[in-house]
Amino acid sequence: MKRSDWLTGAVLGAVLAAGGITAAVAADDEPSGSGSRADGVPSSTSADAGFARDMSVHHQQAVEMSYIVRDRTKNEEIRRLAYDIAQTQANQRGMMLGWLDLWELPKVSEDAPMKWMGMGDAPAGDDGALMPGMATNAQMKRLGKLNGRKAEISYLRLMTAHHKGGIHMAQGCVERCAVPVERRLAQGMVESQESEVKLMADLLKARGAKP
């Protein structure tokens, strides 16, 4: 599959997911609590909105990282993992951006990343790594210059750290988010990414590398 075809598929999946999410949210329970507006939907400062914004940014880098490694290796196992991660996270990102549209909330906030889960006073991310687990710009650039086994090991290490940061954030939503369908999505992220972390540890071990 050509990169352009793969990218088109990922984008189309995200658009379809975003378009279909309105019905899913409308059919679910309405959020409640201090994070909701008078009309029953999350406020801009709620955990629901904060998670949707921050995880969308987090996911975007994972998608980009997966596209990069797919073009840097011929190993089908790594290419398949990268494809699955890119497809899954592009679709989830579309869902979260769709929620923000549905709630008529901005997709970018003036608040520091992860303020919604009590981490707004954390030091600013270094070199593009805006949130825990995210790769720096230098690391992404280096990945784009590697090939074969070296690219595979770099990707697996970076994605392992990326997943661990994502799991922490998703657990924060499970504990704090008020919209049931969003909490279920976050719980699904925790479970799937924990499984992929274990898989990536095995793939690193098979290449004689440590996480």
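To be clear, the structure that these remarks concern was listed above.
The text that follows walks through the structure, step by step, so that each part is easy to find. (Residues numbered from 1 in each chain as written. Predicted model: local features only at pLDDT ≥ 70, side-chain atom pairs only at ≥ 80, totals over all residues. Heavy atoms only, no water.)

1. Regarding the overall build of the chain
Okay, so step 1: Each helix and strand counted, the chain has six helices and zero strands in total.
Okay, so step 2: Each helix and strand of the chain, ordered N terminal to C terminal, gives the series α-α-α-α-α-α.
Okay, so step 3: With 211 residues in all, the chain has 47% of them scored as buried.
Okay, so step 4: Summed over all atoms, the accessible surface of the chain reaches about 10600 Å², with 53% contributed by carbon and sulfur. (Helix = DSSP H or I, 4+ residues; strand = E, 2+ residues; numbered from the N terminus. Buried < 20%, exposed > 50% of the residue type's maximum accessible area, 1.4 Å probe, protein only. Areas by Shrake-Rupley, 256 points an atom, 1.4 Å probe, with all protein chains shown as cover.)

2. A short note on the packing of helix α2 (residues 47-70) against helix α6 (residues 180-206)
Okay, so step 1: Look at α2 against α6: their axes get within 11 Å of each other, and the N-to-C directions meet at 35 degrees. In the packing of α2 onto α6, the handedness of the crossing is left-handed. Each of Asp48, Phe51, Ala52, Met55 and His59 in α2 lies in contact with α6, whose residues at this interface are Glu182, Ala186, Met189 and Gln193.
Okay, so step 2: Looking at the contact of α2 with α6 residue by residue, the class counts come to five nonpolar, two polar and two charged. (Axes fitted to C-alpha atoms, helices over the stretch in contact; angles between N-to-C directions. Left-handed = near helix turned anticlockwise from the far one by under 90°. Contact = heavy atoms within 4.5 Å. Nonpolar A, V, L, I, M, F, W, Y, C, P; charged D, E, K, R; others polar.)

3. Brief notes about the packing of aromatic side chains
Okay, so step 1: This structure, assessed with the given rule, holds two aromatic pairs.
Okay, so step 2: Note on Phe51 and Trp116: the rings are 5.9 Å apart at their centroids and 80 degrees apart in plane angle, and the pair reads as edge-to-face. Remark: Trp116 occurs in the loop between α3 (76-102) and α4 (137-143) and Phe51 occurs in helix α2; sequence separation between them is 65 residues. Trp116 shares its class with Phe51; the two are buried.
Okay, so step 3: Consider the rings of Trp99 and Trp103, whose centres lie 6.2 Å apart with planes at 10 degrees: the pair is stacked. Each member of the pair, Trp99 together with Trp103, is buried. (Phe/Tyr/Trp six-rings, centres within 6.5 Å; stacked < 30°, edge-to-face > 60°.)

4. Some points on the environment of Ala49
Okay, so step 1: Structurally, Ala49 can be placed in helix α2.
Okay, so step 2: Among the residues examined, Ala49 registers a relative accessible area of 0% and is labelled buried.
Okay, so step 3: Sequence-wise, Ala49 and Ser109 are 60 residues apart; in three dimensions their C-alpha atoms are separated by 9.4 Å.
Okay, so step 4: In this view, Ala49 contacts Ser43, Ser44, Leu100, Trp103 and Leu105; residues no more than four positions away in its chain are not counted.

5. So, the nonpolar core
Okay, so step 1: By size, the foremost hydrophobic cluster in this structure holds 51 residues, and its most contacted members are Phe51, Met65, Met96, Trp116, Tyr155, Leu156 and Met169.
Okay, so step 2: If you list the elements that add at least two residues to this core, you get α2, α3, α4, α5 (148-176) and α6.
Okay, so step 3: Take this core: its biggest share by element is 10 residues, from α5.
Okay, so step 4: If near-sequence neighbours (up to four positions away) are discounted, Tyr155 is found in contact with Met65, Ser66, Val69, Ile78, Leu81, Ala82, Ile85 and Leu143. (Core = buried A, V, L, I, M, F, W, Y, C linked by side-chain atoms within 4.5 Å.)

6. Focus: the pattern of salt bridges
Okay, so step 1: For the structure on display, the rule yields six salt bridges.
Okay, so step 2: Of the charged contacts, one joins Arg70 and Asp71 as a salt bridge, the two residues approaching to 3.8 Å between their closest N and O atoms. (Salt bridge = Lys/Arg side-chain N within 4 Å of Asp/Glu carboxyl O.)

7. Thoughts on the state of the cysteines
Okay, so step 1: Counted under the stated rule, the structure contains one disulfide.
Okay, so step 2: At a sulfur-sulfur separation of 2.2 Å, the disulfide partner of Cys173 is Cys177. Judged by the sign of its S-S torsion, about -120 degrees, the cystine formed by Cys173 and Cys177 is left-handed. Like Cys173, the residue Cys177 is buried in the burial classification. (Disulfide = S-S within 2.5 Å.)

8. What to know about the layout of surface pockets
Okay, so step 1: Estimates place the volume of the largest pocket at around 250 Å³.
Okay, so step 2: Taken together, 18 residues line the largest pocket, and the ones lying closest to its centre are Arg53, Asp54, Ser109, Asp111 and Ala112. (1 Å grid on protein atoms, 1.4 Å probe; cavity = no way out; pocket = protein on both sides within 12 Å on 5 of 7 lines; lining within 4 Å. Points joined across faces, edges and corners; volume = space filled by probe spheres on them.)

9. Quick notes on α2
Okay, so step 1: Compared with an ideal rise of 1.5 Å per residue, which puts 24 residues at 34 Å, α2 spans 34 Å between its outermost C-alpha atoms and is within 8% of the ideal.
Okay, so step 2: Summarising burial for α2: 21 of the 24 residues are buried, a large majority. (Expected span 1.5 Å × (residues − 1).)

10. Details of the side chain of His162
Okay, so step 1: By secondary structure assignment, the location of His162 is in helix α5.
Okay, so step 2: A polar side-chain atom of His162 sits 3.1 Å from the main-chain carbonyl oxygen of His58.
Okay, so step 3: The contacts of His162, once residues within four sequence positions are left out, are His58, Gln61, Ala62, Met65, Gly133, Met134 and Ala135. (Polar contact = N/O pair within 3.5 Å; in protein donor to acceptor, adjacent residues only side chain to side chain.)

Function cannot be read off these values alone, since they describe shape.
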